[in-house]
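# Notes for the structure review
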Protein chains: 2
Amino acid sequence: MANVSYFDVASTTPLHPVARQALIAALDEGWADPARLYRSGRQARMLLDAARRTVAEELGARPDEVSFTTGGTQAVQLGMLGALRGRRRTGRHLVHSAVEHSSVLHTAERHEADGGELTSVGVDRLGRVDAARFAAAVRPDTALAVLQSANHEVGTVQPVAEVAALLAAAGPDRVPLLVDAAQSAGRLPVPAGWSLLAASAHKWGGPAGVGVLAVRKGVRFNSPLPVDEREGGRVPGYPNVPAIVAAAASLRAVRAEARERDAHLRALVERIRARVPQLVPEVEVVGDPVHRLPHLVTFSCLYVDGEVLLSELDRAGFAVSSGSSCTSSTLTPSHVLAAMGVLTEGNVRLSLPLDVTSAEVDRFLAVLPDLVATVRAPLGLELAVAAPPAAARQAPLVIDALGKRCPLPVIELAKRIGEVAPGDPVVVLADDEAARLDIPAWCEMRGQAYEGEAPAADFGADRGSAYLVRRTS
Amino acid sequence: MANVSYFDVASTTPLHPVARQALIAALDEGWADPARLYRSGRQARMLLDAARRTVAEELGARPDEVSFTTGGTQAVQLGMLGALRGRRRTGRHLVHSAVEHSSVLHTAERHEADGGELTSVGVDRLGRVDAARFAAAVRPDTALAVLQSANHEVGTVQPVAEVAALLAAAGPDRVPLLVDAAQSAGRLPVPAGWSLLAASAHKWGGPAGVGVLAVRKGVRFNSPLPVDEREGGRVPGYPNVPAIVAAAASLRAVRAEARERDAHLRALVERIRARVPQLVPEVEVVGDPVHRLPHLVTFSCLYVDGEVLLSELDRAGFAVSSGSSCTSSTLTPSHVLAAMGVLTEGNVRLSLPLDVTSAEVDRFLAVLPDLVATVRAPLGLELAVAAPPAAARQAPLVIDALGKRCPLPVIELAKRIGEVAPGDPVVVLADDEAARLDIPAWCEMRGQAYEGEAPAADFGADRGSAYLVRRTS
């Protein structure tokens, strides 16, 4: 495959040319231990200090507020656990949105296992938290609130500044707000009002192995790890100066380019958002169409196994990702799509590089319809959808999808709902947990009525659940 | 400074040419997310798997026992805390040697602060633990024992295999042994019998930002951090594939070179160990002369401020390090030298690179005597040492060194002990904590009798301690 269009910068970004150049130079100039007093050590220290000033300036922080971590996950973990420890006397309650990155959710789970309490604030169908609702989740014993700057799966930008303003209204002992800026750093201005900020260099074109944790002066912080004298006592261990230098250099370069390319990227994403539903039947573009990352777009294809479609796209020269259950190693549905109440199956996330061309996007739009059709072909779905309505009936049509994995229960429903007349009931028996999310989501998309869940035993099954649907159109 | 001899590889090592080449190649070939299923992701996964096999083979582990961390400190912290959590039901007692790296001691302190118990096993004057004494510190509630492969300040190799054999004698529920192999990995074969092994790539010529944590199959491990699906659930966060590839490539290259260069390095260190005491008066070479790292040698110069000597050596083109209090940022005496009972002041650690030449070592030996003399000159010590003995006296000579920082109390003692006759007492009043270690160490070196410590009030002082010395020669 000579020409691959890499549309997955939200996972990781190839090293920016500026980062590559800076990295190679710093391997020669900044390899020594910056804690040493001899010449090469002093030189490494100077480079480290300069990188810290650059990153601080780009992120709107003071240099002494910025610590370099070994990655975005460490920044999130240290930031959350350090802030929680720092405010332990206030309480152990943590507020976060339901659509945070898994590193935030895993840390929250650990906090809960250690005796903390959590409130997960839901989002609307576009994936956005309501600022007032988020702020209202804060209690007298809340130690920390965590909110992403923008969602990593659907691109929706969160109302961070509004939330921060509401929290700040509580005065000097306000609940600190940790902002996970991993998806937006280098692409959009940092939202105002953060108390702690986490970011990851390889998401903006810097090298892997570098994250940023900024802690505003005055925010109480007590490291969860054994500390040493490195990084102001916040991040233990030998710092990777060459990679840090490259991360800082590329952040500055990318910020400038991102401003130049913002309109171009937004236009390409707009084209994808508009054209995909015109080109591919039964598709839903998800995420906020306006308040979004400039370069990221996600859509879900009904009756499509996401993993199979990604594999077809790979063969056609497109590297893309998915929040779909079928491509993750854990086989659980995307918690982001579930929280939004949209279909968790068959989804495709495109995150475009800064140097993407219109021609690449056009080629994607040209090949996508056939690839989706190819994936759907074995399901024989066209025939089923086109089937004439059967005679009216009173007893529900029972579709037995027990033992069938997602997306088969929804596909069965789609194929057979035409067998009943409008107004008649259908019951789907299924034991794949994803059906609980997908069947209501499918009903909403297709304008059918979802009427709830009943014990499977009511329909003679010994396991799973019964999902009650009524054909309305 | 065109030609600098970098004699501080125990702090960090310039990138090995093989590592540099592998890093730059892997920035192109292994930049993608190894968890992704598209072509570039699969390629990164293949490189990561190959690197794991290489490191496993070099360290005598199985690939599935090896996890890559973000550095040696993280390997130690995760290894210790993960093993302690894994055996929490057995107990919370931790055994370690008194001369472990600060990352081990900081983690032990954190464990103690969280309710654990510690036993620190002392070392002999060469810095070596006694295997039987170490193993005897294990109790029924001991969860973990930690022992370095070789000491980072004085190069003494520890009896890891003997300790491991003694622990293994307890049978299948034996106490696991974590071996901190940071200073020896790539230089010496890995000692037999480890349960967990920690190492750091930048110490062997790999890039910064890569460590290794190996956990033997069957050893219980429960991560102290929130985990994800990366690195077998042991190390969370996005892995730095290009750096890991470079680390593995350089480990293999360095192991081969280290075997070739072993005799050469040992001979150069032997030359330094023999010549320095002949060239410089009042110097003590510390650490085990036989059971030692091939490339590391440490000596202490009496009446020398370590920081000033390091600065003079830097100007003369030698980058060296020190465990001396005066060069660390914390101004506490080296815990290693203190545990050995040797002078904690004025010491110099040389750790030679693989490509060091005899000419460089000879140049070091040529410049050292004058530099030490230059540093000592302002103290006017020669005059004092040469002073004739005063008449015999019964009341002790009281030397008031209150308010004077190390090494001034010892210097005062050395200057003035000649004022009393052999057999007469001298009292040093001092309030710098380092005097408690340095005065007995000085007495042992100089063949004077140290007779213990008395309340400073006995000699009319309102603070500090009184150190009782008797001139014997």
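Residues numbered from 1 in each chain as written. Chains lettered and ligands numbered in written order. Predicted model: local features only at pLDDT ≥ 70, side-chain atom pairs only at ≥ 80, totals over all residues. Heavy atoms only, no water.

Glancing now at the sheet that holds strand 16 (residues 465-470) of chain B. Residue and element names in this part refer to chain B. Taking strand neighbours across the sheet as the criterion, the four strands line up as 13-14-16-15 in an open arrangement whose pairing is mixed. In the strand order of this sheet, the two ends are held by strand 13 (397-401) and strand 15 (449-455), each with one partner. Ignoring which end each strand starts from, the neighbouring axes of this sheet average 20° apart. Here helix 12 (residues 408-416) sits on the sheet and contacts strand 13, strand 14 (425-430) and strand 16; the angle it forms with strand 13, its principal contact strand, is near 150°. Packed on one face of the sheet, helix 13 (residues 435-446) meets strand 14, strand 15 and strand 16 and runs near 0° to strand 16. (Pairing = 2+ DSSP bridges. Helix = DSSP H or I, 4+ residues; strand = E, 2+ residues; numbered from the N terminus. Axes fitted to C-alpha atoms, helices over the stretch in contact; angles between N-to-C directions. Contact = heavy atoms within 4.5 Å.)

Before going further, it helps to examine empty space enclosed by the protein. Following the criterion strictly, the structure yields six cavities of 30 Å³ or more and no others. Roughly 340 Å³ of volume is contained in the largest cavity. If you go around the largest cavity, you meet 35 residues; those closest to its centre are A:L23, A:N240, A:A243, B:L23 and B:N240. Contributing elements (two or more residues each) for the lining of the largest cavity: helix 1 (17-29) and helix 7 (241-279) of chain A together with helix 1 (17-29) and helix 7 (241-279) of chain B. Ranked by residues supplied to the lining of the largest cavity, first place goes to helix 7 of chain A with three residues. (1 Å grid on protein atoms, 1.4 Å probe; cavity = no way out; pocket = protein on both sides within 12 Å on 5 of 7 lines; lining within 4 Å. Points joined across faces, edges and corners; volume = space filled by probe spheres on them.)

Residue and element names in this part refer to chain A. Helix 7 packs onto helix 1 with a crossing angle of 150° between their chain directions and a minimal axis gap of 8 Å. Between helix 1 and helix 7, the interaxial angle falls into the category roughly antiparallel. Crossing angle aside, the handedness with which helix 1 passes helix 7 is right-handed. When helix 1 is examined against helix 7, the residues V18, A19, A22, L23, A26 and L27 are found in contact with a partner set consisting of P242, A243, V245, A246, A249, S250 and A253. (Parallel < 35°, antiparallel > 145°, perpendicular 65-115°, else oblique. Left-handed = near helix turned anticlockwise from the far one by under 90°.)

Here we come to the sheet that holds strand 13 (residues 397-400) of chain A. Residues and elements named next belong to chain A. Pairing is mixed in the open sheet, where four strands are placed in the order 13-14-16-15. Where the open sheet ends on each side, the last strands, each with one partner, are strand 13 and strand 15 (449-455). The average angle at which neighbouring strand axes cross in this sheet is 25°, direction not considered. Relative to strand 16 (residues 465-470), strand 15 is paired through six bridges, and the arrangement is antiparallel. Directly across from A454, in strand 16, lies its bridge partner A466. Contacting strand 13, strand 14 (425-430) and strand 16, helix 12 (residues 408-416) crosses the sheet at an angle of about 145° to strand 13.

Mapped onto this numbering, the UniProt entry annotates "domain: UPF0033" (unreviewed entry) at residues 399-423 of chain A. Secondary structure content for residues 399-423 of chain A is 36% helix and 8% strand, while the C-alpha to C-alpha distance between its ends is 17 Å. (UniProt positions renumbered as here; feature names shortened; annotations may be inferred.)

Bringing helix 4 (residues 102-113) of chain A into the picture now. All names here are of chain A. The terminal C-alpha atoms of helix 4 lie 16 Å apart, and with 12 residues this matches the ideal 16 Å at 1.5 Å per residue to within 8%. Among the residues of helix 4, those classed as buried are S103, V104, L105, T107, A108, R110 and H111. Looking one or two residues beyond helix 4, the residue adopting positive phi is G115, at roughly 105°. (Expected span 1.5 Å × (residues − 1). Buried < 20%, exposed > 50% of the residue type's maximum accessible area, 1.4 Å probe, protein only.)

With 53 residues of chain B at the interface, the matching set in chain A holds 53 residues. Between chain B and chain A, the buried area comes to about 4300 Å², and carbon and sulfur atoms account for 57% of it. On the chain B side of the contact with chain A, B:Y38, B:R110 and B:P226 bury the most area, a combined 15% of that side's loss. Viewed at the interface, chain A and chain B are joined by six salt bridges. For A:D314, the salt bridge goes to B:R42, with nearest N and O atoms at 2.9 Å. For the interface between chain B and chain A, the tally reads 29 residue pairs in polar contact (both at pLDDT 80 or more). Sorting the residues of the side of chain B that touches chain A by element identifies helix 1, helix 2 (39-59), helix 3 (72-86), helix 4 (102-113) and helix 8 (306-315) of chain B as the ones contributing at least two each. (Buried area = accessible area lost by both parts, 1.4 Å probe. Salt bridge = Lys/Arg side-chain N within 4 Å of Asp/Glu carboxyl O. Polar contact = N/O pair within 3.5 Å; in protein donor to acceptor, adjacent residues only side chain to side chain.)

Two measures describe an aromatic ring pair: the distance that separates the ring centres and the angle between the ring planes. Applying the stated criterion across every chain, the model contains 10 aromatic pairs over all chains. Plain terms: the ring middles of A:Y38 and B:Y6 are 5.9 Å apart, the flat faces sit at 85° to each other, and that makes the pair edge-to-face. Of the two residues, A:Y38 is situated in the loop between helix 1 and helix 2 (39-59) and B:Y6 in strand 1 (residues 5-6); the pairing between them involves two chains. The exposure class of A:Y38 is buried, given its relative accessible area of 4%. B:Y6 gets classed as buried once you look at its relative accessible area, which sits at 9%. Centroid distance B:F7 to B:F318: 5.7 Å. Interplanar angle 45°. Geometry classified as tilted. Here the residue B:F7 occupies a position in the loop between strand 1 and helix 1, and B:F318 occupies one in strand 11 (residues 318-319), the gap between them amounting to 311 residues. Each member of the pair, B:F7 as well as B:F318, carries the same accessibility label: buried. Taken together, A:Y6, B:W31 and B:Y38 form an aromatic cluster joined through their ring pairs. Looking at A:R216, its charged tip hangs above the ring of A:W194, at a distance of 3.8 Å from the centre. (Phe/Tyr/Trp six-rings, centres within 6.5 Å; stacked < 30°, edge-to-face > 60°. Lys NZ or Arg CZ within 6 Å of the ring centre and 35° of its normal.)

Take the relation of the copies chain B and chain A next. Screw-axis analysis of chain B against chain A gives a translation of 0.1 Å along the axis, an RMSD of 0.1 Å, and a rotation angle of 180°. Each copy turns onto its partner about a two-fold axis. When the interface residues of chain B are mapped onto chain A, 100% of them again lie at the interface, so the same face is used by both copies. (Least-squares fit on C-alpha atoms with pLDDT ≥ 70 in both.)

Let us now look at unusual backbone geometry. Residue and element names in this part refer to chain A. For the peptide bond that leads from C406 to P407, omega is 0°, which places it in the cis range. Along the chain, the position of P407 falls in the loop between strand 13 and helix 12. Here E282, not a glycine, exhibits a phi torsion of approximately 60°, which is positive. Residue E282 is classed as partly exposed on the basis of its relative accessible area, which comes to 25%.

Here we come to the domain arrangement of chain A. All names here are of chain A. Looking at the assigned domains, one finds that chain A contains domain 1 (5-9 + 261-379), domain 2 (17-253) and domain 3 (387-470). Between domain 1 and domain 2, the contact holds 26 residues from the first and 24 residues from the second. For domain 1, the biggest contributors to the area lost against domain 2 are L293, H335 and M340; these three give 28% of the whole. Viewed at the interface, domain 2 and domain 1 are joined by one salt bridge. Viewed at the interface, domain 2 and domain 1 are joined by 10 residue pairs in polar contact (both at pLDDT 80 or more). Of all the secondary structure elements, the ones that give two or more residues to the side of domain 1 that touches domain 2 are helix 7, strand 9 (283-286), strand 10 (296-301) and helix 9 (335-340). When residues in the side of domain 1 that touches domain 2 are grouped by element, the largest group, five residues, is from helix 9. Classifying every residue of the side of domain 1 that touches domain 2 by side-chain character gives 12 nonpolar, eight polar and six charged. (Domains from an automatic or database assignment. Nonpolar A, V, L, I, M, F, W, Y, C, P; charged D, E, K, R; others polar.)

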